[in-house]
Amino acid sequence: AVETERRVAEQRARFARDLADYDALAAPRGRAELGDDAPDPVTQGFVLLHVVEELYQHAGHVDLTADLVRHSTRAVRGAARPGEHPAVGVVPPPSG
């Protein structure tokens, strides 16, 4: 946990430094791996938007994982409601 906290603090500090002289229309300061859908020209604004999208996507993954664990734990303890799928805590679709 200590190593994770150190790495998070390091990345937060780097992000703050990067934003200190942020210019949305300027070229990125570093080399970026770009996909086919990248705009031309690539700007710092595009890179920041991509970073925010990635953060929210990963936050969504964490949220879904937490829901799965929470519902699985509840089901194992016998607390799932009748008709709920024990693994995810939702009512499965009708079969057939």
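Reading guide: rules and limits
- Residues numbered from 1 in each chain as written.
- Predicted model: local features only at pLDDT ≥ 70, side-chain atom pairs only at ≥ 80, totals over all residues.
- Heavy atoms only, no water.
- Helix = DSSP H or I, 4+ residues; strand = E, 2+ residues; numbered from the N terminus.
- Contact = heavy atoms within 4.5 Å.
- Salt bridge = Lys/Arg side-chain N within 4 Å of Asp/Glu carboxyl O.
- Buried < 20%, exposed > 50% of the residue type's maximum accessible area, 1.4 Å probe, protein only.
- Patch = residues over 30% accessible without salt bridge, like charges linked within 9 Å, V, L, I, M, F, W, Y side chains within 5 Å.
- Areas by Shrake-Rupley, 256 points an atom, 1.4 Å probe, with all protein chains shown as cover.

Considerations on the overall build of the protein
In step 1: Within the protein, the secondary structure is distributed over two helices and zero strands.
In step 2: Put simply, of all contacts in the protein between residues at least 6 apart along the chain, 8% involve residues at least 24 apart.

With respect to the pattern of salt bridges
In step 1: For the structure shown, the criterion picks out five salt bridges.
In step 2: E10 is the partner of R6 in a salt bridge, and the nearest nitrogen-oxygen pair spans 2.9 Å. Of this pair, R6 and E10 both sit in helix α1 (residues 2-20), four residues apart, which is roughly one turn of that helix.
In step 3: Using a relative accessible area of 43% as the deciding quantity, one classes R6 as partly exposed.
In step 4: Given the relative accessible area of 45%, E10 is considered partly exposed.
In step 5: Among the salt bridges present, the one from R29 reaches D21, with a minimum N-O distance of 3.2 Å.

Notes on a nonpolar patch on the surface
In step 1: Taken together, the side chains of F15, L19, Y22, V51, V52, L55 and Y56 present a nonpolar region at the surface, about 630 Å² in accessible area.
In step 2: Elements with a minimum of two residues in the nonpolar patch: α1 and α2 (44-76).
In step 3: No other element matches the four residues that α2 contributes to the nonpolar patch.
In step 4: Of note, V51 is situated in helix α2.
In step 5: Its relative accessible area of 31% is what places V51 among the partly exposed residues.

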